[in-house]
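One-letter residues, chain by chain:
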Amino acid sequence: MIKKEMIAMLLAGGQGSRLGILTQKIAKPAVSFGGKYRIIDFPLSNCINSGVDTVGVLTQYQPLRLNTHIGIGIPWDLDRNIGGVTILPPYEKKEGSDWYSGTANAIYQNLEFMEYYNPEYVLILGGDHIYKMDYEAMLKFHKENDADITIATIPVPIEEASRFGVVITDETGRIHEFEEKPAHPRSNLASMGIYIFKWEVLREALITLRKQPGCDFGKHIIPYCHENDRRIFAYEFNSYWRDVGTLLSYWEANMELIDVVPEFNLYEEYWKIYTKAEALPPQFIGEDAQIVGSILGDGCEIEGHVENSVIGNGVMIAKGAVVKDSIIMNHTVIGEDAVIERAIVAEDVAIGAKTEIGLFGDAENELRADIYGGGLVTIGEKSVVPEGVKIGRNVVISGVTEAADYPEGVLASGKALIKEDDDL
């Protein structure tokens, strides 16, 4: 039997519905970030940098691009004969088929994978956060406290604590109370959704609670273990960590990368972030182009003005075009004299010449004000925006649109122009 000290189970099957049109066709962990990366690159890079060389990636929602990106794990040195990275989708079983119905249920359905490696410890991770973390240091803390479970925690403003599971600890760091998204939090120490379990403790809890509908770590597994007097400790993390679960938080996290002194540094030699690299030519910057405080991916052709923006791989920005405070994802084409401000433009989009995006007005979005806000314009992948139209803020556009879709050449702030039949 193979024996590993610690394996990782990476939950990457979420839809990420609060990212709206960006996750209509791809899983949230596969969404582009920082120009050349995808969100899942960060936990995968943390694993190999921490010496964790066996990772099960649990996928479910729209997995094709995520699976293609991960492949056999070559960019992260996870192409191993023993261990490495393994994609774990839901599968048909003798007693019937089940989708993953909760975070813990997904792990339970892969007991056989974990038993194969017979680990001493199991590391549970989410696939949708931006951070750098040494899981080896967390494991050391776990061992020193003879913990059954260690929960990675981070201090958050008390007014935001109700969005998280929060813990109350004693002076040794042992958790005495755990509240999942309390209305009136008594602590600002929030769970990051990162756990280290002793394997036998995790296995027993999963089997005991296997019939619990939607079995979840925060709602079911942790409370069950607490009730059974397991030793549960909080490992406090005091570095950069962002949950990019909303369009505004996703935009803000990208913009933080281009600060003069970025809080989250992509350029450190000792803790690299790895990704699957496309075979692209070098960047081309035209003689009249202007680039101010921006990140550019490989293979870009820039002949316009780019300011305070994150530009993905293979993007083309024509002469006279201006892009400010925006995220432009891979292989998008922006026509001559177009002006774009505070926009999130997904992959493979075509924006016509002389188009003006995000330059006027604010109004609540008519489709989902809770998603499409913050004064942003969000354009879904493979969309087409015709030339010469004017588009307000808090707008969402998806699909191949035509001039006739823009009354008098204008799409007012707060509007939604969706040409697909798919639900958002």
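Before any of the text, the structure's been laid out above.
Report follows, based on the coordinates.

Re the overall build of the protein
Secondary structure assignment for the protein yields eight helices and 35 strands. Taking 2.2 N^0.38 as the reference for a compact globule, 424 residues should give roughly 22 Å; the C-alpha atoms of the protein span a radius of gyration of 23 Å, in line with that estimate. Seen through its C-alpha atoms, the protein measures out along the principal axes to roughly 65 × 50 × 45 Å. When contacts within the protein are restricted to residue pairs at least 6 apart in sequence, those whose partners lie at least 24 apart make up 59%.

A few points about unusual backbone geometry
For Asp-337, which is not a glycine, the phi torsion comes out positive at approximately 60 degrees. Tracing the chain through its elements places Asp-337 in the loop between β25 (333-334) and β26 (339-341). Unlike most non-glycine residues, Asp-348 shows phi in positive territory, near 60 degrees.

Description of the pattern of salt bridges
Here the structure, examined in full by the defined rule, presents 25 salt bridges. Across the salt bridge formed by Glu-204 and Arg-230, the nearest N and O atoms sit 3.7 Å from each other. Taken together, the residues Glu-204 in helix α6 (residues 199-208) and Arg-230 in the loop between α7 (217-227) and β14 (232-236) connect sequence positions 26 residues apart. Glu-204 gets classed as partly exposed once you look at its relative accessible area, which sits at 29%. On the basis of relative accessible area, Arg-230 is assigned to the partly exposed category, the value being 27%. Residues Lys-419 and Asp-405 are paired through a salt bridge, measuring 3.0 Å at the closest nitrogen-oxygen approach. Placement of the pair is Lys-419 in the segment after β35 (416-418) and Asp-405 in the loop between β33 (395-398) and β34 (410-411), with a sequence separation of 14 residues.

With respect to the sheet that holds strand β18 (residues 295-296)
Strand pairing in a sheet relies on backbone hydrogen bonds. The paired strands run either parallel or antiparallel. What the seven strands build is an open sheet, ordered β18-β21-β24-β27-β30-β33-β35; its pairing is parallel. Sheet topology places β18 and β35 at the edges, where each strand pairs with a single neighbour. Bridge analysis of β18 against strand β21 (residues 310-311) gives two bridges, and the strand direction is parallel. Bridged to Ile-295 within β21 is Val-310.

A look at the environment of Ile-295
Locating Ile-295 in the fold gives a position in strand β18. A relative accessible area of 10% places Ile-295 in the buried class. If sequence neighbours within four positions are ignored, Ile-295 has contacts with Gly-34, Leu-257, Ile-258, Tyr-267, Ser-309, Val-310 and Ile-311.

Focus: helix α8 (residues 247-256)
A large share of α8 lies buried, amounting to seven of its ten residues. Along α8, the residues that are buried comprise Leu-247, Ser-249, Tyr-250, Trp-251, Ala-253, Asn-254 and Met-255. Considering only its buried residues, α8 is in contact with β2 (32-33), β15 (241-243), β21, β24 (327-328), β27 (343-345) and β30 (377-379).

Quick notes on the packing of aromatic side chains
The geometry of two aromatic rings is summed up by the distance between their centres and the angle between their planes. Throughout the structure, instances matching the rule amount to 13 aromatic pairs. Taken together, a centroid distance of 5.3 Å and an interplanar angle of 70 degrees make the contact between Phe-113 and Tyr-117 edge-to-face. Highlighted residues: Phe-113 and Tyr-117, both in helix α4 (residues 111-117), separated by four residues, approximately one helical turn. Each member of the pair Phe-113 and Tyr-117 is classed as buried. Where Tyr-195 meets Phe-197, the ring centres are 6.1 Å apart and the plane angle is 55 degrees; that geometry is what we call tilted.

Focus on the sheet that holds β25
If you walk across this open sheet you meet the six strands as β16-β19-β22-β25-β28-β31, and the pairing is parallel. In the strand order of this sheet, the two ends are held by β16 (284-285) and β31 (384-385), each with one partner. Pairing of β25 with strand β28 (residues 350-351) involves two bridges; the strand directions are parallel. For Val-333, the partnering residue across the bridge sits in β28 and is Ala-350.

Some thoughts on the pairing of strand β11 (residues 165-169)
Regular strands place their side chains on alternate faces of the sheet. Of the pairings in the sheet, the one linking β11 to strand β12 (residues 175-180) comprises five bridges and is antiparallel in character. Across the sheet, the residue bridging to Gly-165 is Glu-180, located in β12. The hairpin turn running from β11 into β12, its antiparallel successor, is five residues long, and Gly-173 in that turn takes a positive phi close to 95 degrees.

Comments concerning the environment of Asn-313
Along the chain, Asn-313 falls in the loop between β21 and β22 (316-317). On the accessibility criterion, Asn-313 (5% relative accessible area) is buried. Sequence separation between Asn-313 and Ser-249 is 64 residues, and the spatial gap between their C-alpha atoms is 22 Å. When residues no more than four places from it in sequence are discounted, the contact partners of Asn-313 are Gly-35, Lys-36, Glu-278, Leu-280, Gly-297, Asp-298, Asn-330 and His-331. Here Asp-298 takes part through its backbone nitrogen, which lies 2.8 Å from a polar atom of the side chain of Asn-313.

Calculation rules
Residues numbered from 1 in each chain as written. Predicted model: local features only at pLDDT ≥ 70, side-chain atom pairs only at ≥ 80, totals over all residues. Heavy atoms only, no water. Helix = DSSP H or I, 4+ residues; strand = E, 2+ residues; numbered from the N terminus. Rg over C-alpha atoms; globule rule 2.2 N^0.38 Å. Contact = heavy atoms within 4.5 Å. Salt bridge = Lys/Arg side-chain N within 4 Å of Asp/Glu carboxyl O. Buried < 20%, exposed > 50% of the residue type's maximum accessible area, 1.4 Å probe, protein only. Pairing = 2+ DSSP bridges. Phe/Tyr/Trp six-rings, centres within 6.5 Å; stacked < 30°, edge-to-face > 60°. Polar contact = N/O pair within 3.5 Å; in protein donor to acceptor, adjacent residues only side chain to side chain.

Geometric values such as these leave the question of function open.
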